Each structure stands twice: as C-alpha cells, then as structure tokens.
Amino acid sequence: VKVLFRSAEARASALVAVSFKTKTTSRAARHLALPPRLRELAAAAFEAGHFRGETGEVFPLVYRRRGSPAALFLVGLGERRSFDAEKLRQAFGSFARSLKSRRAPQVALLLGSPICRRLFSKLGWERGIAALVEGWCLGCYEFDRLKTRRGRPSRAPALELDPRRVPPRELADARRGAIRAQVLARAVNLARDLSNTPPNLLGPTDLAAAAKRVAKTSGLSCSVLKRAELERGQLGALLAVGQGSTQGPRLIVIRYRSGKRGAKQLALVGKAVTFDSGGISIKPAQGMEEMKFDMAGGAAVLGALQALAELKAPLDVVGVIPACENLISGSALRPGDVVRSASGKTIEVINTDAEGRLILADAIHYAHRFRPAAIVDVATLTGACVVALGSRFSGLMSNDRELAEEIRAAGDRAGERVWELPLGEDAGESVRSQVADIKNFAGKGAGAITAAAFLSHFVAETPWAHLDIAGTAWTKRDEGYHRVGATGVGVRILVEFAERFGG
Ligand code: BES
Ligand code: MN
Ligand code: ZN
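All of these numbers come straight from a predicted model, not from anything done at the bench.

**Student:** Could you clarify how one ought to interpret the sheet that holds strand S4 (residues 68–76) in this entry?
**Tutor:** Strand pairing within a sheet occurs via backbone hydrogen bonds; the two strands may be parallel or antiparallel. Strand order in the open sheet formed by six strands is S1-S6-S5-S2-S4-S3, with mixed pairing between adjacent strands. Every interior strand has two partners, whereas the edge strands, strand S1 (3–5) and strand S3 (58–65), have only one. Strand-to-strand, the axes of this sheet are offset by a mean angle of 25°, without reference to chain direction. Sheet topology note: the strand S5 (residues 106–110)/strand S6 (residues 158–162) ladder contains five bridges and is parallel. Counted as the bridge partner of Leu109 is Leu161 from S6. Set on the sheet, helix H2 (residues 36–47) makes contact with strand S2 (14–19), S3 and S4; between it and S3 the angle comes to about 145°. Packing of helix H5 (residues 125–139) onto the sheet brings it into contact with S1, S5 and S6, and relative to S6 it is tilted by some 165°.

**Student:** Where do I start with the pattern of salt bridges in this structure?
**Tutor:** Pairing is possible between side chains of opposite charge, provided their charged atoms come close. Evaluation of the coordinates by the stated rule reveals 32 salt bridges. The partner of Arg401 in a salt bridge is Glu420, with the nearest N and O atoms 2.9 Å apart. Of this pair, Arg401 sits in helix H13 (residues 401–414) while Glu420 sits in strand S16 (residues 418–420), and the two are 19 residues apart along the sequence. We note a salt bridge from Glu479 to Arg477, for which the minimum N-O separation is 3.4 Å. For Glu479, a relative accessible area of 30% corresponds to the partly exposed category.

**Student:** It is not clear to me how the coordination of the manganese ion (ligand 2) should be interpreted in this structure. Could you clarify?
**Tutor:** Put simply, a metal with four donors set out as a tetrahedron has ideal angles of 109.5 degrees, and one with six donors set out as an octahedron has ideal angles of 90 or 180 degrees. Those donors, Asp276 (OD), Asp353 (O), Asp353 (OD) and Glu355 (OE), are the protein atoms that reach the manganese ion (ligand 2), and they lie 2.0 to 2.2 Å from it. Because the angles between the six donor atoms bound to the manganese ion (ligand 2) fall within 71 to 169°, the donor set is best described as irregular. Between the two metal centres, the manganese ion (ligand 2) and the zinc ion (ligand 3), the spacing is 3.1 Å, with Asp276 acting as a shared donor. According to the relative accessible area criterion, Asp353 is partly exposed, its value standing at 22%. Glu355 sits in the buried class, given a relative accessible area of 0%.

**Student:** It is not clear to me how a nonpolar patch on the surface should be interpreted in this structure. Could you clarify?
**Tutor:** A cluster of nonpolar side chains, namely Ile280, Ile282 and Ile328, defines an oily patch on the protein surface of about 260 Å² accessible area. Considering the arrangement of structural elements, one finds Ile282 in the loop between strand S10 (272–276) and helix H10 (296–310).

**Student:** Sorry, what's going on with the packing of aromatic side chains here?
**Tutor:** Evaluated as defined, the whole model comprises eleven aromatic pairs. Ring geometry for Phe92 and Phe95: centres 5.9 Å apart, planes at 90°, overall edge-to-face. On the criterion of helical spacing, the pair formed by Phe92 and Phe95 is a turn pair, its members being three residues apart in helix H3 (residues 85–98). Judged by relative accessible area, which is 0%, Phe92 ranks as buried.

**Student:** Would you mind showing me how to read the coordination of the zinc ion (ligand 3) here?
**Tutor:** Only Lys271 (NZ), Asp276 (OD), Asp294 (OD) and Glu355 (OE) from the protein coordinate the zinc ion (ligand 3), and they sit 2.0 to 2.4 Å from it. Geometry at the zinc ion (ligand 3) is octahedral, judged from its six donor atoms and the angles of 79 to 175° they form at the metal. Of note, the zinc ion (ligand 3) draws all its donor residues from one chain, in the sequence arrangement K-x4-D-x17-D-x60-E.

Parameters and conventions
- Residues numbered from 1 in each chain as written.
- Chains lettered and ligands numbered in written order.
- Predicted model: local features only at pLDDT ≥ 70, side-chain atom pairs only at ≥ 80, totals over all residues.
- Heavy atoms only, no water.
- Pairing = 2+ DSSP bridges.
- Helix = DSSP H or I, 4+ residues; strand = E, 2+ residues; numbered from the N terminus.
- Axes fitted to C-alpha atoms, helices over the stretch in contact; angles between N-to-C directions.
- Contact = heavy atoms within 4.5 Å.
- Salt bridge = Lys/Arg side-chain N within 4 Å of Asp/Glu carboxyl O.
- Buried < 20%, exposed > 50% of the residue type's maximum accessible area, 1.4 Å probe, protein only.
- Donors = N, O, S within 2.8 Å, 3.2 Å for Na, K, Ca; no water.
- Tetrahedral: all angles 85-135°; square planar, octahedral: opposite > 155°, others 65-115°.
- Patch = residues over 30% accessible without salt bridge, like charges linked within 9 Å, V, L, I, M, F, W, Y side chains within 5 Å.
- Areas by Shrake-Rupley, 256 points an atom, 1.4 Å probe, with all protein chains shown as cover.
- Phe/Tyr/Trp six-rings, centres within 6.5 Å; stacked < 30°, edge-to-face > 60°.

In short, geometric facts, not functional conclusions.
Here is the structure:
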C-alpha cells in the first residue's frame, strides 16, 4: 500500500473530501475548500440527500476535468460531537474498501483544507494522520492468496496526502504519524494473514517457520522448542494437548532487545492452537472451520514483536507462543487424564476442549525465565467471553490494578477496546481438583473468569494481564477497517501498551 506526501495537482488524481454529518447542507459544502464547480457538485449531493456524512459513508461524484473524467469522493466522519481518532480510522477504512471495485490509480486528500487543518489540530497531527493512514492501510487488506485469479490482481490505489499550506512543524508530525501507522498496519496484516491461512497450510511447524522469517527480517532472535526440548523442559501440558496430532507441538520464543541499559523486560504470551477440534470433547460441526482462528493470540504476539522492533521501542520484549493442534486420534488426550505442567502443578483434564489454558499454563510458566516486569497473554480462550462481551470488546482480567488500567487506556488509544471482568482474590479456588492440584474446567457460570482463574495459578507474583479475544479475533462482515476474517486484534493494543510501559 502506497501512502505519499506530495502535491496532487499535476496528476489526474481523484480527490477525497471529508465531512461531518450535517443538516445545514448548503454550508457543509463550503467547508470543503474545493474549486467552485466541485463545491457546487458537493452541495447538490448534500442537498439531494445522497450524502449525509455518516461515519464511513462514501459518495463518488464524477465530472469532467479538461475533457477527461475525474472523481471527487465525499467521505463521512459522522457526528461532529462524537468524532475521535477511531472514527477517522473507520472512515478511511471504509473508504479504502469502497475503492476496491473501482479503478482509481491514486486518490488525494488536501491536508491544507480548512476542515483538515481543524481536524488534525484537534486530534494532533501525528495521532490524527496515524489514525487516517492506519484505517486506510487496514481497509486495503485482502486475503486473496488462495484464489486462482484470472486477469491482474487488484491493486490498492496510492493515497496522496497533499501537504500544501500545512506548516512545517505540523507536517513533520504528520510524516511521523504516517510512518508509524504503516508499521502498525503491516504488523496487523501479518497477524491477519497468519490467522486467515487455513489449518492444512498453517500448522505448528509452519507457524514456527513464519516466526523465524519475521525474526530474520526484523532483526529479532528466535528459537523454537520441538518435542525433545519440550520433554526436557517438562512442558507436560503443551505436550498433552499436542499429542493427538501428527504435527508435534512447538514453543516459539522470539525476542526483541532494545540495547538500552536497564531496559524493562515485558513478556507477551499468545495462544496458538492452529486448529481446535475440541479433541475428544469434540466441538459441533457447525462453525468448526472457524477454529483455524484459534491461533490469533500467537499471531498478535508475533505481529506486535515485529512492530516493536521496527519502531525501536525502548524496552526488551520476549514473545512466548505455544503452538499445537487440538485433534482426535488414538493418541489424543482424554477427559480424566492428569497431566503434569512445567510448573510442577498437576492438572486434571475434565474437558479436552479447554485446551488453551493448558498450553498457556506452560507458556506463562516458561516466560518467568526472562524475569519479566509484567506478563500479558492474549488468547481466543472462551466462548463465554463472546457471550459476555460480544465482538466489540476483548475481555481483560488482571491481578494488578495499575497494569489493568494501562492496558485499558492503551486499548482506547489504539482503537482496540477492552472491558474488564473481575478476578476475585480467591478466584483460583474455583478450579481446585479432587484428584490433582487443579482441573481445567470449573463447571457452568463465568467461563471467561474461571479460565483466567486457572491461568492465575501459573503467574505467581508477577503483574499479569489476560486478554480474551475470542469475540474480537475475527469477523463475519466487512466494517470500517475490518475485512471478513481475521482482524489482527491484539497487535495494536500490545504495541501501544508496550511503548509506554518501556518509556
Ligand atoms: N478456542 C475455544 C474458545 C472459542 C470459542 C474461541 C468460540 C472463539 C469462539 C476454546 O479452546 C474452547 O473451546 N473453550 C471452551 C472451554 C470450555 C470447554 C470450558 C468453550 O469456551 O466452550
Ligand atoms: Mn477448545
Ligand atoms: Zn481453543
């Protein structure tokens, strides 16, 4: 995806003009700082009610310029009162999507227009341009690798940001914002690609190979523990979940080092079940194909590490990604089995479909080797979280008030919102077992919380936050900057959080 700062005049660019929702239609067009003829066209579109300025609404106006057809796209920003960076992301995400079926080689936005100058001085030029570019780059995303296509692949048009009449200081901020947004969008799109890839093409081995590739191109170190090392390290819970598949489990460990003396260490842990059939506690057939997304947490951690390395974040980060397939076979884990986790705690397996917490138990324990100042795990962990919070908010659970608040605030800034669910002092009691130390299923009620309660047995005293992304990791419809399929959720909130945590 191309985003360029250059003046649009010379080329036959399509123009884009943004507008808030409005009732006084004649005045709305006046704010757009367009040549009289175009202002007249825009005014007519407002007046006739063809364009109202709802968030993400896109209306194309076509006219002739020096004999050739040219276009002006009106893009809505919604109510002026509720406008924020997220609305801008969504608007440009929708705009990018709407151009998919059109043939514009480039579209230009006049940053110096009165409405843009007002908009960006309100949001801050860096933050504002970052939101716009992020929305654009995410909206341009397409997962079409597996389509055998006739003709040429559809190319996203270049976005030209016309810098004329923007003061130099603001312009410098804008350039920084655009670069940051492209780093983030590339990381989100990496996570989306991995998550969207079908489970026959992306197993634990393939994910490990992808991690190595990312590490190589971004200057990270990466090691992958295979069966023998997992046995040596006694990661019994990860081995148990993986034992039903011919593709063995992997523990991916990927590190970013800032090179700063006394840098803080942060551990990010991401669940990566490349396919979750439920195991012997098998899932219903309906929708089971969606369980290819059960590695979205691991993909988010990988994306976040790539972005943090490219942004040269001021802290050290280790990503720990337990990867396996939860399948059924003669060698599969059984309900009733008791396994010994890396921490030494024994776990009674009540339900083989509660596999995420098992592999996270070993990964969280493993992460303590790096003496992290905090651990954040990300996982498509429970259907119960989807019931509780739906698809707009990820679930947040934590043993540390300050950490929880920092994560929540990072989510708001990033446009990946979270809602906290309570973890009582004695939450860990709910998973006590009769025959082992703990069990992996606590019965009906508060499923998202009891899953976190299970994890809390493996975090010791470390400040820890758990993000349940079961409801947010993928979507069934195109909306704003989301496309059908994986959302890449987790990447942006982790990066936002980590940068402040380090600095
Ligand atoms: N990967 C699923 C959770 C999930 C369900 C994510 C739906 C996204 C959408 C997880 O491994 C699982 O199966 N959890 C069980 C736990 C239960 C058996 C305690 C669940 O939520 O039903
Ligand atoms: Mn499961
Ligand atoms: Zn799962």
